[in-house]
Structures are given as C-alpha cells and as structure tokens.
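Coordinate analysis (summary)
This is what each chain is made of:
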Amino acid sequence: MVKALVFGCTGQDGSLLCRSLLRQGIDVIGVSRSSNPNLTIHQSLGINGKVEITTADICDFREILEIITNHNPGEVYNLAAQSSVGLSFRQPVDTFKSIINGTINLLEVARFAGFKGRLYFAGSSEIFGNTDRPADLDSPRQPLSPYAIAKDASFNTVQVYRQAYGLNCVTGILFNHESPYRSRTFVTRKIVDGALRCLREPGYRLKLGDLSVARDWGWAEEYIEAMQLVLRADLLENELEDQVICTGRSETLEYFVERVFAELNLHWQDHVDLVASLRRPSEILRSVGNPEPMWRKHQWRAQKDVDGVIQTLVALGCSGVPAQPDPLTA
Ligand code: NDP
C-alpha cells in the first residue's frame, strides 16, 4: 500500500490533500505540532479518524527521521508553515523557523536517510513581489515580507538539494487559493464572513485596509490536484520540475469586495470602513501568475477564477460551512 506523509495536515490545504489522498486509497500519516491537534476541518470534510495523526516538530531531526524511517512514505508533502503574510511582520522569527528551518530539516533527514520517495514543498507567489507581467520560473523574485523571504529561501534550498544530492524534491509555487476552510485572519474569509454579517445585522460595519492591491485567486481543491501532478510528474532529465500554480487572472481587493457584497444584493460602500491601520508595512500591489507552463507540462488549468471562487464561497457561507478557528485565538 502506498503511503503519504503530510506536514501541516490540519490546515486548509493539508486537510483537503488528506481527503484527496484517502480517496485514492493511499494511507495518510498527518503530522501536527500539537498533541491535541485542531481537527475541525477534518471533521467538516468527514475524514476525522481516517488519517493517522502523529505529533512532531518539523524542525526536530530525530523526530522526523523516526517518522520517515518507520513509515517509509512514497510521497511527502511539506505544507507546514506560519502561513499568514500579515502575521509574519509581527512574528518574523517564528515564521522563518517554521518555513526555513522546517524545510531544511526535512531535506536533511531525507538526504541522511537515503530517502527514495518524492517530496513536495508548498512555495508561494509572494516570492515574486510585484509582478509587471504574469510570473513564472523565469521572473525576477523580490520578496516583500518575512513570509516571502522564508518561502524564497526554502524554494532555493529545495532546488539545491535536488541538484546537489539528487533528491526527488520539488516546489509548487502557489498563488492565493481559497476555500471555506481559510482561517479568519485571511482577508478573503474576513470579507465573506463580514458581508454575511452585514446582511444579518443591519448597522454592522466591516473594517478593511488597502483595497487597491490585486491578487490571482484560485480554488484550493483544484490546487491540491495540481500539487500532486507536480510531485508525480515524469522526471525531466532525471529531475522534477518546479511549477507555478495560478489562474492567470488578477483582480483588485475592491473587485473582490464589490462582487461578494453584490452576491448578497448589497452595495459594499454602504457597509465597509477603510482603516489606514490595517495596511501592512509593505504590500505587494499586483500579483498574477502565468498558467501556461503548468498547462504545457501537465495539461492542468484552474477551472474557477476569482468569480467562481467568490460565488462558491458566498454560497457555502450562506449554507453555514464552518471556517477554521482563528489561529491567534484557537
Ligand atoms: P494553513 O495556515 O491553513 O495551515 C498550515 C499548517 O501548518 C497548520 O495547520 C499548522 O498545523 C502548521 N503550522 C502553522 N504554524 C506553524 C508553525 N509556526 N510551525 C510549524 N507548523 C505550523 O495554511 P494553508 O493550508 O493555507 O497553506 C498550506 C501551505 O501552502 C503553507 O505552507 C502556505 O504557506 C502555502 N501557501 C498557501 C497559499 C494559500 O493561498 N492558501 C498560497 C501560497 C502558499 P499544526 O498546528 O497542526 O501543526
């Protein structure tokens, strides 16, 4: 039986990935930092109890070595991270530790153990900074946050371990992707929840920061499929090939807000306050990816772009699908 190991298995992507792997008949071992992991999303997805959860710190060499040698998985997915760009300005050290130290520790264990399986790293579009044209692997990289710096360093490290040591490791550089399982610290979740609250509670005001920033938003379940395609690809000249995973369409946050409120027959200007203090110390103004390399290599294209994402999120929000609890208060 094939086995997969998923770091960050309790988050949005980790939970959706676990469900996808289980549906393929793959045994899934999920790694969480907590001995009492938050399995809210697993419960919502109906996979609670189906993933073998083990507690470990991705930065601990001995713990990770034991897990890899005991289970000998065919696939390892490294999704564990302090994943909020905004929070990374307030907690840069924890962000670096979770992403850079975690990634290099996992790669070192794989090298030391002579790991023959495949290893996926969840990269981020934040490494590109502002994109003048749709970003791909040839684009300049200009990280603008502690989170982006950590993802950029880890992306480089994965390339070095692949080229220097022949490890089958690869990065899927993910642009923003959403689902009802996003934590409430993320602005898309905040907007959908806020708009629904405006509908229920006349007089409620939603507070937001800079709405001029533009992002390339896709649907998380589709990006989970793309991750697996990238990891399972035929080797190109004996190497796996990093990929950018995106829709290719970028819209402003104002567009996102306007469309969410419009889905509920509300005018956003009647319900939203723009608050200067919610702006980040430095912010990417426009982020968009080039979907063509992923299409050429894997015949994969995102089916839902920003409009599909908004319609689905609002529809699910109206039907009461629970979100992940805020990591700051959970
Ligand atoms: P989540 O924040 O939902 O999940 C990340 C998981 O990582 C958590 O469930 C948590 O699991 C673990 N984690 C959190 N903080 C730390 C920490 N300080 N140290 C170690 N582990 C930690 O993220 P997503 O599922 O949205 O994203 C998955 C991956 O994809 C992340 O690496 C993220 O950076 C990356 N990514 C996501 C994008 C998106 O739009 N969603 C875009 C680009 C990249 P536990 O508490 O159980 O250990």
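Basis of the calculations
Residues numbered from 1 in each chain as written. Predicted model: local features only at pLDDT ≥ 70, side-chain atom pairs only at ≥ 80, totals over all residues. Heavy atoms only, no water. Buried < 20%, exposed > 50% of the residue type's maximum accessible area, 1.4 Å probe, protein only. Helix = DSSP H or I, 4+ residues; strand = E, 2+ residues; numbered from the N terminus. Arc of directions from axis to C-beta. Contact = heavy atoms within 4.5 Å. 1 Å grid on protein atoms, 1.4 Å probe; cavity = no way out; pocket = protein on both sides within 12 Å on 5 of 7 lines; lining within 4 Å. Points joined across faces, edges and corners; volume = space filled by probe spheres on them. Nonpolar A, V, L, I, M, F, W, Y, C, P; charged D, E, K, R; others polar. Expected span 1.5 Å × (residues − 1). Salt bridge = Lys/Arg side-chain N within 4 Å of Asp/Glu carboxyl O. Near = heavy atom within 4 Å. Polar contact = N/O pair within 3.5 Å; in protein donor to acceptor, adjacent residues only side chain to side chain. Areas by Shrake-Rupley, 256 points an atom, 1.4 Å probe, with all protein chains shown as cover. Pairing = 2+ DSSP bridges.

Focus: helix α9 (residues 253-263)
Taken as a whole, α9 has its buried residues at L253, F256, V257, V260 and F261. The buried side chains of α9 occupy one side of the element, clustering within an arc of 120 degrees when seen end-on. Looking at the packing, one finds that the buried side of α9 touches α7 (187-200), β8 (206-208), β12 (251-252), β13 (272-274) and α11 (306-318). Positive backbone phi, at 60 degrees, marks N265, one or two positions downstream of α9.

Describing empty space enclosed by the protein
Enumeration according to the criterion identifies two cavities of 30 Å³ or more in this entry. In this structure, the largest cavity spans a volume of roughly 70 Å³. Forming the boundary of the largest cavity are 11 residues, of which S179, P180, R189, V192 and L313 lie nearest the centre. Elements represented by at least two residues in the lining of the largest cavity include exactly α7 and α11. There is about 40 Å³ of room inside the second largest cavity. Residue lining of the second largest cavity: V85, E126, L144, S145, R215, R280, S282, E283 and I284, and that is the complete set. Taken together, the residues that form the lining of the second largest cavity break down as three nonpolar, two polar and four charged.

Points about helix α6 (residues 146-165)
Taking 1.5 Å per residue, 20 residues should reach 28 Å; α6 reaches 28 Å between its end C-alpha atoms and fits that length. Listed in full, the buried residues belonging to α6 are P146, Y147, A148, A150, K151, D152, S154, F155, T157, V158, Y161 and R162. Once α6 ends, the next one or two residues include G166, with phi positive near 70 degrees.

Overview of the pattern of salt bridges
Applying the stated criterion across every chain, the model contains 19 salt bridges. The closest approach of N and O atoms between R141 and D152, which form a salt bridge, is 2.5 Å. Taken together, the positions of R141 in the loop between β5 (118-124) and α6 and D152 in helix α6 put the pair 11 residues apart, joining distant regions of the chain. Using a relative accessible area of 13% as the deciding quantity, one classes D152 as buried. Note that R249 is salt-bridged to D307, the shortest N-O span being 2.9 Å. Of this pair, R249 sits in the loop between β11 (243-245) and β12 while D307 sits in helix α11, and the two are 58 residues apart along the sequence.

Focus: the site of the ligand
The ligand sits among 25 residues. The nearest are T10, S32, R33, S83 and Y147. Between S32 and the ligand, the recorded distance is 2.6 Å, taken from a side-chain N or O atom to an oxygen atom. The separation between an oxygen atom of the ligand and a polar side-chain atom of R33 is 2.6 Å. Protein burial of the ligand: of its 880 Å² of free accessible surface, 89% is covered by the chains. At the level of secondary structure, the elements contributing two or more residues to the shell around the ligand comprise α1 (12-23), α5 (92-112), β5 and α6. At three residues, the largest contribution of residues to the shell around the ligand is made by β5. A breakdown of the residues in the shell around the ligand according to their chemical character gives seven nonpolar, 13 polar and five charged.

Some remarks on the pairing of strand β4 (residues 75-78)
On β4, burial covers both faces: E75 and Y77 on one face and V76 and N78 on the other are all buried. Taken together, the four bridges between strand β1 (residues 3-7) and β4 define a ladder with parallel strand orientation. Considered in β4, the bridge of L5 is made with V76. Relative to β5, β4 runs parallel, the two being bridged by four bridges. Among the inter-strand pairings, E75 is bridged to a residue of β5, identified as R118.

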